[in-house]
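# Working through the structure, step by step
Residues per chain are reported as follows:
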Amino acid sequence: MHAHYGAGGDGGGGDRRAAPLPGDAGLYFLGALHELVAVGLHRPALEALCAGQRDLAEPPIDRAYLLKILDEEICRQFGHPLRPLIELVLNAADAARAPQPVVDVAVTDGRVEVSDAGAGMGLRAILSRLLIPFATDKRPGIDLGRFGVGFFSVLGLGLSDPESFSLHVTTGDGVEGWAIRVVAWPSAGDAGSAPASASEEPGQARGRASPELTAALMCSVRRIAPLLGTRVRVTSALLETATVRAYLRDALHFFPASRALVLIDGAAVNDGRLISGGQLIQERIAVAPEAPGAAALEARTHLGDALLARFHVGGRGLLPSISAATFHAGVKVDACLALAELALIDFPAAVELTEGRDALKVGPEFTAVATAFYRRLIELAAASGEGRRTRDRLAEMAAQISALMLQSAGWDEVALDLARALLGPGRCMVTPERREALLGFLGPSVAERLFVPESFWAEREWQPHLPGERELLEDELEIDAPETLSALARRRGDLSGLPLLVARATSPHTTMVALCRSRLQPDRGAGAAARRAPGAPPLPDAPGRRPAGPLPCLGTRRLLLIRDDSAAVRRPSGWSDWYALRAAFDRASGVREADLERDLIVGEPVDGAAFAAPRPGERTSGGEP
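Rules and cut-offs
Counting of residues starts from 1 at the beginning of each chain's written sequence and follows it residue by residue. For a predicted model such as this one, the threshold for reporting local features is a pLDDT of at least 70, and the threshold for listing and counting side-chain atom pairs is 80 or more; totals across whole chains, interfaces and linings nevertheless cover every residue. To obtain the side-chain values, all non-hydrogen atoms of the structure were used and water was disregarded. Each residue is assigned to one of three classes by its accessible area relative to the maximum for its type, calculated with a 1.4 Å probe on protein chains only: buried under 20%, partly exposed between the two thresholds, exposed over 50%. Under the scheme used here, helices are H or I runs from DSSP no shorter than 4 residues and strands are E runs no shorter than 2 residues, and both carry numbers assigned from the N terminus. Throughout, the arc means the angular range of directions from the helix axis out to the C-beta atoms. Each nonpolar core is a collection of buried residues, namely Ala, Val, Leu, Ile, Met, Phe, Trp, Tyr and Cys, held together in the definition by side-chain atoms within 4.5 Å. A contact between two residues is defined here by any heavy atoms of the two lying within 4.5 Å. To estimate how far a helix should reach, multiply one less than its number of residues by 1.5 Å. Between rings of Phe, Tyr and Trp, where Trp is taken as its six-membered ring, a pair exists when centres lie within 6.5 Å; planes separated by under 30 degrees are stacked, by over 60 edge-to-face, and by other angles tilted. Distance and angle both matter: a charge sits over a ring if NZ of Lys or CZ of Arg is within 6 Å of the ring centre and within 35 degrees of the ring normal. Any carboxyl oxygen of Asp or Glu within 4 Å of a side-chain nitrogen of Lys or Arg constitutes a salt bridge here. pLDDT expresses how confident the predictor is about each individual residue, on a scale running from 0 to 100. Every axis corresponds to a line fitted to the C-alpha atoms, with the helix fit spanning only the stretch in contact, and the corresponding angles, defined between N-to-C directions, vary from 0 to 180 degrees. Just so you know how the angles are binned, under 35 degrees is roughly parallel, over 145 roughly antiparallel, 65 to 115 roughly perpendicular, and the rest oblique. Lys, Arg, Asp and Glu make up the charged group, whereas Ala, Val, Leu, Ile, Met, Phe, Trp, Tyr, Cys and Pro make up the nonpolar group; the residues left over, Gly among them, are polar.

Another aspect to go through is helix α16 (residues 469–476). Every buried residue belonging to α16 is among Glu469, Leu472, Leu473 and Glu476, and all of these are buried. Along the axis of α16, the buried positions cluster into a sector of 95°, meaning they face one direction only.

In structure tokens form, the structure reads like this:
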């Protein structure tokens, strides 16, 4: 067992004091970190070390399994490499007990130091809580951080760059003081061996398996003069000053100052000065019990005071790193990069967002906060009286927040209410690449019905809750039964543009098309519809129909639509009609835009013959005989 155990002191704040070790006064432990964790897990060894016994029996714990567990906790805690620093701040905020607690964070190149003047730890707390993953005395629904999570996740920096890493913790409860230092040695050999220099075997440690690196983490525990509070200093070449400061500001600028005022290099980051404008809303969240019974009622009563959420909507960040984000006192921060506006959500402490690996834990409280946020957007839109453009932007923002930040929690329950309040009746969602084609085919008057999401995420969230392109076409158009293009051209000889489309089609005998025209608007054009003889073609120019757009053809997934109320289809005349027919048909048929433009530029000259019906076997440019 590569460890050196010290003698003296009970470590629990009693009257006994440590007897200094020969040659190294105050040293209680020196050896592999996992050996000290084994002591914390084995009650007899823990009690013996706290009692100051010199010789300890080796804890009967499977070292291979212990290393496997520690490696998982060290390597897989959080997605963002700097996220463990936030956990250190949360632990400091929980420890602070003053009326206005303060957490100091000092950042320099290669080093970050987090300190507080709150309740520190004695040796027993260090061994039984700090060094044991997920062992905690935190108050559910009140405290934010978790003992062990921050400590072990910070050690991940040591595995990424062992040569430059060290972790130094000084802590005390006012009666005693302790210093813990962890370094990553390039070999897991004897604790007395000196670490190899970075220049001697560059990358040697990085090339080994991570359990071996975890075994190479060496730790010392020393008794120092009594103090109150905790200071954690992390040293690593991976800690670049500007990057660390920007990340901490982004993660902590919305941290409740009532919990702790966070100072980065002496300047407060969560006192509101980094956000300009917008509206800050506080809302108490009501959550229905998951199950009946006294236990559920007691739990809800216990959490009642803690379920206070904060929303900040609108405004802007005064620093480039401040982006729209969801935020739970630093526990979970996801940037919503597609949003220019700030949309910040501070979840109540009772909402647990982590399961040890920075994963959202969606429960009834979490869903209730998300739903309350969406309903606040509805109230803000109604109170502001903003126009359609602003409401569309709110709909975009709400969907992105749901997809990128809240894992769609509560979205299905509130999406229809959001659609009615923000988008209004009759709106249909179409993708950005289809917007121009639909406007050209249906006419500009249909623009008021289109909702075009700006991002893939908003499209994904709104798609199940809004009608789409198919519903829009069926609502706006009267569509005839499908038939082949060649059959349609023979049947409707009155439409002079159809022969030109037959000439452009590669296979007119198999190309499925359908004639269509604008629907009669309600209470308009009823007389014209009644005067039309049974079986006669519809009257495209009848009153009450929307005028056709400039593009006479539109491709859909099933077939190609052709408007018989378009002048280019009925009586093409001039270059503009010829171009409209040719370009619209080629696009609807799937011709690439580059090929279409090249064909228009280098094709045959446009003259009057272009509008004459082709002779049998002839084709205009763009098709084959």
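Right, let's get into the nonpolar core. By size, the foremost hydrophobic cluster in this structure holds 74 residues, and its most contacted members are Val105, Leu155, Leu167 and Leu248. Sorting elements by how many residues they give to this core places helix α4 (residues 83–95) first, with seven residues. Not counting residues up to four positions away in its chain, the partners in contact with valine 105 are Val89, Val112, Glu113, Val114, Leu248, Val262, Leu263, Ile264 and Asp265. With 43 residues, the next largest nonpolar core counts Ile345, Leu394, Trp411 and Ala458 among its residues.

We now examine helix α11 (residues 364–384). For α11, which comprises 21 residues, the first-to-last C-alpha distance of 30 Å matches the rise-based estimate of 30 Å (1.5 Å per residue) to within 8%. Considered for burial, the residues of α11 that qualify are Glu365, Phe366, Ala368, Val369, Ala370, Thr371, Ala372, Phe373, Tyr374, Leu377, Ile378 and Ala381. Positive phi appears at glycine 385, one or two residues downstream of α11, with a value of about 65°.

Secondary-structure assignment places leucine 377 in helix α11. Distance from leucine 377 to leucine 422, taken between C-alpha atoms, is 8.8 Å for residues 45 residues apart in sequence.

In this description, an aromatic ring pair is defined by two values, namely the gap between the centres and the angle between the planes. Across all of its chains, the model carries 10 aromatic pairs by this definition. Judged by centre distance (4.8 Å) and plane angle (5°), the rings of phenylalanine 347 and phenylalanine 366 are stacked. Of this pair, phenylalanine 347 sits in the loop between β17 (343–346) and α11 while phenylalanine 366 sits in helix α11, and the two are 19 residues apart along the sequence. Aromatic ring contacts, followed pair by pair, group Phe311, Phe373, Tyr374, Trp411, Phe451 and Trp462 into a single cluster. Note that arginine 563 overlies the ring of phenylalanine 441, its terminal NZ or CZ placed 5.6 Å from the centroid.

Glancing now at the side chain of threonine 431. Along the polypeptide, threonine 431 turns up in the loop between β18 (428–429) and α14 (432–442). Excluding its chain neighbours within four sequence positions, the residues that come into contact with threonine 431 are Val452 and Glu459.

The next subject is unusual backbone geometry. Backbone geometry at aspartate 265 places phi at a positive 55°, although glycine is not the residue there. Looking at the secondary structure, you find aspartate 265 in the loop between β9 (261–264) and β10 (267–268). Accessibility expressed as a relative area gives 36% for aspartate 265, which makes it partly exposed. For glutamine 407, which is not glycine, the phi torsion reads 50° and is therefore positive. Of note, glutamine 407 is situated in the loop between α12 (388–404) and α13 (411–423). A residue is classified by how much of its surface remains accessible, and glutamine 407, at 48% relative accessible area, is partly exposed.

Another point: the environment of threonine 431. On the accessibility criterion, threonine 431 (16% relative accessible area) is buried. It is 5.7 Å that separates the C-alpha atoms of threonine 431 and valine 452, two residues lying 21 residues apart in sequence.

As a further point, take the pattern of salt bridges. What the rule picks out here adds up to 33 salt bridges. The salt bridge involving aspartate 94 is made with arginine 259; its shortest N-O contact spans 3.6 Å. Taken together, the residues span a long stretch of sequence, with aspartate 94 in helix α4 and arginine 259 in the loop between α9 (241–252) and β9 at a distance of 165 residues. Owing to a relative accessible area of 3%, aspartate 94 belongs among the buried residues under this scheme. Look at arginine 259 and you get partly exposed, because its relative accessible area is 25%. Sharing partners across several salt bridges, the network here consists of Glu478, Asp480, Arg492, Asp494, Arg517 and Asp564.

Low pLDDT means the predicted coordinates in that region are not meant to be read closely. Per-residue confidence for the protein chain gives a mean pLDDT of 77, with 72% of residues at or over 70. Of the regions scoring below 50 in pLDDT, residues 524–536 engages in 11 contacts with residues more than four places distant in sequence or in other chains. Scored below 50 in pLDDT, residues 613–625 makes 21 contacts in the model with residues more than four places away or belonging to other chains.

Take arginine 545: it is sitting in the loop between α19 (526–531) and β23 (553–555). Accessibility expressed as a relative area gives 14% for arginine 545, which makes it buried. Along the primary structure arginine 545 and arginine 519 are separated by 26 residues, whereas in three dimensions their C-alpha atoms are 5.8 Å apart.

A separate point is the packing of α11 against α12. Relative orientation of the contacting elements α11 and α12 amounts to 170°, with a least axis distance of 11 Å. With respect to α12, the axis of α11 lies roughly antiparallel. Along its contact with α11, which presents Phe373, Tyr374, Leu377, Ala381 and Ala382, the element α12 presents Arg391, Leu394, Met397, Ala398, Ile401 and Ser402. Residue composition of the contact of α11 with α12, grouped by class: nine nonpolar, one polar and one charged.

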